[in-house]
Amino acid sequence: MELDLNKFLLATGVALTLVAAPAKADTSIAIGVTAHSSTWDTAGHEKEVSASGVAGANEINSTTHSHDADYGSYFIEIVQKEGLAGMTFGVAHTPGEATIGTKSRTDAESPADTDSDDGTYTAKAEVSDYYLVYVEPTFYFNDNFGIYGKLGATHLTVRSKETLQSGGAYGDEQVYGGMLGLGVRAITPMGIFVK
């Protein structure tokens, strides 16, 4: 079953609104943008099965790739604060897509390699639909400054963009992950906050 992200975000927003509505807490909504500088490490392998079915004729090719990327995202948060304790519930989205992990290799026929699969093979992946749902328990030192921990769940789509001599293709994958973090939250006298 494929995840409908619009329905997921709507349900998450409703749930966060209900969770973040205690009678005594100071509750507010925050909207913002985030800049990221990241390194994506990818690894992959391919197993070629011999058309003749000869035992030991299978070939496994593997590689790794590292790619640096800068990108932006936007978020909406429900922020609770009561005394020195606080809790933030948020959803973030990174729009667009990016290509990661591009690698090529060339097979050439030889006396030991007669499987007629010579040619150049290119493997790459495109990532998109990156979403993050998170909570940030916060300890405030005063009204304008606090430290927080971050616990989140992530989702992104990985689309395979390889070229195969056989004309086949690999399927797309929905990837789920987690996030842990630690940070500071500061609120300026104008009401703008920085994390």
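It should be emphasised that the depicted structure is a prediction, and the values quoted were computed from it without experimental measurement.

A. Here's a closer look at the overall build of the protein chain. Of the regular secondary structure elements, the protein chain holds one helix and seven strands. Ordering the α and β elements of the protein chain from the N terminus gives α-β-β-β-β-β-β-β. Considering only contacts in the protein chain between residues 6 or more positions apart, those separated by 24 or more positions represent 63%. Summed over all atoms, the accessible surface of the protein chain reaches about 12500 Å², with 59% contributed by carbon and sulfur.

B. Spatial organisation of the pattern of salt bridges. Tallied over the entire structure, the rule returns seven salt bridges. The salt bridge involving Glu136 is made with Lys150; its shortest N-O contact spans 3.3 Å. Of this pair, Glu136 sits in strand E4 (residues 119-140) while Lys150 sits in strand E5 (residues 145-160), placing them 14 residues apart in sequence. Each member of the pair, Glu136 as well as Lys150, is classed as buried. Among the salt bridges present, the one from Lys195 reaches Glu136, with a minimum N-O distance of 2.8 Å. Of this pair, Lys195 sits in the segment after strand E7 (193-194) while Glu136 sits in strand E4, and the two are 59 residues apart along the sequence. Assessed through its relative accessible area of 35%, Lys195 is described here as partly exposed. A relative accessible area of 0% means that Glu136 is categorised as buried.

C. How the structure looks around the packing of aromatic side chains. If you walk through the whole model with that rule in mind, you get three aromatic pairs. With 5.9 Å between their ring centres and 25° between their planes, Phe141 and Phe145 make a pair best called stacked. The partly exposed category is assigned to Phe145, whose relative accessible area is 35%. Grouped by ring-pair contacts, the aromatic residues Phe139, Phe141 and Phe145 constitute a single cluster. Positioned above the aromatic ring of Tyr140, the side-chain terminus of Lys81 is 5.0 Å from the ring centre. In this arrangement the basic side chain of Lys195 is found over the ring face of Phe75, its NZ or CZ atom lying 5.4 Å from the centre.

D. How the structure looks around the side chain of Lys81. As for its placement among the helices and strands, Lys81 is situated in strand E2 (residues 59-82). Since its relative accessible area comes to 17%, Lys81 is described here as buried. Among the polar contacts listed, one links the side chain of Lys81 to the backbone oxygen of Gly83, at a separation of 3.2 Å. Of note is the side chain of Lys81, whose polar atom sits 3.4 Å from the side chain of Asp143.

E. Region of interest: the side chain of Ser73. Within the secondary structure layout, Ser73 lies in strand E2. Not counting residues up to four positions away in its chain, the partners in contact with Ser73 are Gly32, Val33, Thr34, His36, His93, Thr94 and Pro95.

F. The environment of Thr34, seen in detail. Relative to the assigned elements, Thr34 resides in strand E1 (residues 26-48). The class for Thr34 is partly exposed, based on a relative accessible area of 30%. In this structure, the C-alpha to C-alpha distance between Thr34 and Lys195, residues 161 residues apart in sequence, is 9.1 Å.

G. The nonpolar core, seen in detail. Formed by Ala30, Phe75, Val79, Ala92, Leu132, Tyr134, Tyr140 and Phe193, the largest nonpolar core amounts to eight residues. Among the elements that take part in this core, E4 stands out by supplying three residues, more than any other. Beyond its immediate chain neighbours, meaning those up to four positions away, Tyr140 contacts Val79, Lys81, Leu84, Ala85, Gly86, Phe145, Gly146 and Arg185.

Parameters and conventions
Residues numbered from 1 in each chain as written. Predicted model: local features only at pLDDT ≥ 70, side-chain atom pairs only at ≥ 80, totals over all residues. Heavy atoms only, no water. Helix = DSSP H or I, 4+ residues; strand = E, 2+ residues; numbered from the N terminus. Contact = heavy atoms within 4.5 Å. Areas by Shrake-Rupley, 256 points an atom, 1.4 Å probe, with all protein chains shown as cover. Salt bridge = Lys/Arg side-chain N within 4 Å of Asp/Glu carboxyl O. Buried < 20%, exposed > 50% of the residue type's maximum accessible area, 1.4 Å probe, protein only. Phe/Tyr/Trp six-rings, centres within 6.5 Å; stacked < 30°, edge-to-face > 60°. Lys NZ or Arg CZ within 6 Å of the ring centre and 35° of its normal. Polar contact = N/O pair within 3.5 Å; in protein donor to acceptor, adjacent residues only side chain to side chain. Core = buried A, V, L, I, M, F, W, Y, C linked by side-chain atoms within 4.5 Å.

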